[in-house]
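Listed below are the residues making up each chain.
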Amino acid sequence: VNTGGGVARRSGPPNSGMEALILASDIINRVTEYLIAVMMGTMTIIIALQVFTRYVLSDSLTWTEEIGRYLMIWICFLGSAMALKYGEHISVTFIEERLPPRIRQGVGFVIALTVLAFFALATWEGVLMTIQVSEQQAPATWINMAWAYSCIPVGCFFMMIHSLAHLLQHRGNPVPVASSGERPL
């Protein structure tokens, strides 16, 4: 069964921690795709409403710009996780490509560990930052700012799961790039 991550696996319940992690990564990615679609649709409607009220009714709504901004930030963090899953982040590989295969795999493994450590740290710092702003409210909507800032730990946690799944699945080899037929959005 191919679940969009570029690797076919057998059907049925996972029988190991690695398979469970890969399945979790695939599920997170699928949910992320739908969340992004809903958020983009919502943001489009809100921004269109803002344009209509500002230029047609000459009286803008105070909350639309703020909600649109927070939706865009969430979309960026969730989209980054999705791009990482599909191997679509920009990378500089001209030095790595010139290395012998065995050294290239070792370098890839070290890079994967470094990326994993970065996302773990960013998740932790994002949680701390979210807690720190939990008493603040957005000026126009009075939304608790923890909702806006929580995109940092959520997005970084998803990227950490995808990175760990890739590390276990490919053992330091480059992330396989999905073909256009595998990307539903």
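The shown structure was predicted, so the numbers you read here are calculated from the model rather than taken from an experiment.

**Some details on the packing of aromatic side chains**
Stage number 1. Here the structure, examined in full by the defined rule, presents two aromatic pairs.
Stage number 2. For the pair Phe157 and Phe158, a centre-to-centre distance of 6.5 Å together with 50° between the ring planes defines the contact as tilted.
Stage number 3. A relative accessible area of 36% means that Phe157 is categorised as partly exposed.
Stage number 4. Owing to a relative accessible area of 18%, Phe158 belongs among the buried residues under this scheme.
Stage number 5. One residue, Arg69, lies across the ring of Tyr70, its end atom 5.6 Å from the ring centre.

**Here's the deal with helix H2 (residues 64–85)**
Stage number 1. For H2, which comprises 22 residues, the first-to-last C-alpha distance of 31 Å matches the rise-based estimate of 32 Å (1.5 Å per residue) to within 8%.
Stage number 2. In the segment just after H2, Gly87 is the residue with positive phi, at about 70°.

**Structural notes on unusual backbone geometry**
Stage number 1. Here Ser58, not a glycine, exhibits a phi torsion of approximately 55°, which is positive.
Stage number 2. On the secondary structure map, Ser58 appears in the loop between helix H1 (17–55) and H2.
Stage number 3. Phi at Trp142 is positive, roughly 65°, even though this residue is not glycine.
Stage number 4. Locating Trp142 in the fold gives a position in the loop between helix H3 (101–132) and helix H4 (145–149).

**A few points about the packing of H1 against H2**
Stage number 1. Interaxial distance between H1 and H2 falls to 9 Å at its minimum, and their mutual angle equals 155°. If you check the angle between H1 and H2, you find them roughly antiparallel. For H1 against H2, the interelement crossing comes out left-handed.
Stage number 2. Classifying every residue of the contact of H1 with H2 gives 15 nonpolar, eight polar and three charged.

**Remarks on the pattern of salt bridges**
Stage number 1. This model, assessed by the stated rule, comprises three salt bridges.
Stage number 2. The partner of Asp26 in a salt bridge is Lys85, and the shortest N-O contact between them spans 2.6 Å. Of this pair, Asp26 sits in helix H1 while Lys85 sits in helix H2, and the two are 59 residues apart along the sequence. Comparing Asp26 with Lys85 shows no difference in burial state: the two are buried.

**Quick notes on the nonpolar core**
Stage number 1. In terms of nonpolar packing, the biggest core is built from 29 residues, with Met39, Leu71, Leu78 and Met159 touching the most fellow members.
Stage number 2. Elements with a contribution of two residues or more to this core: H1, H2, H3 and helix H5 (151–170).
Stage number 3. A per-element tally of this core places H5 first, with nine residues.
Stage number 4. Core analysis: the second largest hydrophobic core is formed by five residues, Tyr70, Val133, Ala138 and Ala148 among them.

**What about the side chain of Glu66?**
Stage number 1. Structurally, the position occupied by Glu66 is in helix H2.
Stage number 2. Reaching out from Glu66, the side chain makes a polar contact with the side chain of Thr141 at a distance of 2.6 Å.
Stage number 3. In contact with Glu66, not counting residues within four places along its chain, are Ala138, Pro139, Ala140 and Thr141.

**Observations regarding the environment of Thr141**
Stage number 1. Among the structural elements, Thr141 can be located in the loop between H3 and H4.
Stage number 2. A C-alpha to C-alpha distance of 5.7 Å links Thr141 and Trp63, two positions 78 residues apart in sequence.
Stage number 3. Once residues within four sequence positions are removed from consideration, Thr141 is found in contact with Trp63, Glu66 and Ile67.

Reading the values: the criteria
Residues numbered from 1 in each chain as written. Predicted model: local features only at pLDDT ≥ 70, side-chain atom pairs only at ≥ 80, totals over all residues. Heavy atoms only, no water. Phe/Tyr/Trp six-rings, centres within 6.5 Å; stacked < 30°, edge-to-face > 60°. Buried < 20%, exposed > 50% of the residue type's maximum accessible area, 1.4 Å probe, protein only. Lys NZ or Arg CZ within 6 Å of the ring centre and 35° of its normal. Helix = DSSP H or I, 4+ residues; strand = E, 2+ residues; numbered from the N terminus. Expected span 1.5 Å × (residues − 1). Axes fitted to C-alpha atoms, helices over the stretch in contact; angles between N-to-C directions. Parallel < 35°, antiparallel > 145°, perpendicular 65-115°, else oblique. Left-handed = near helix turned anticlockwise from the far one by under 90°. Nonpolar A, V, L, I, M, F, W, Y, C, P; charged D, E, K, R; others polar. Salt bridge = Lys/Arg side-chain N within 4 Å of Asp/Glu carboxyl O. Core = buried A, V, L, I, M, F, W, Y, C linked by side-chain atoms within 4.5 Å. Polar contact = N/O pair within 3.5 Å; in protein donor to acceptor, adjacent residues only side chain to side chain. Contact = heavy atoms within 4.5 Å.

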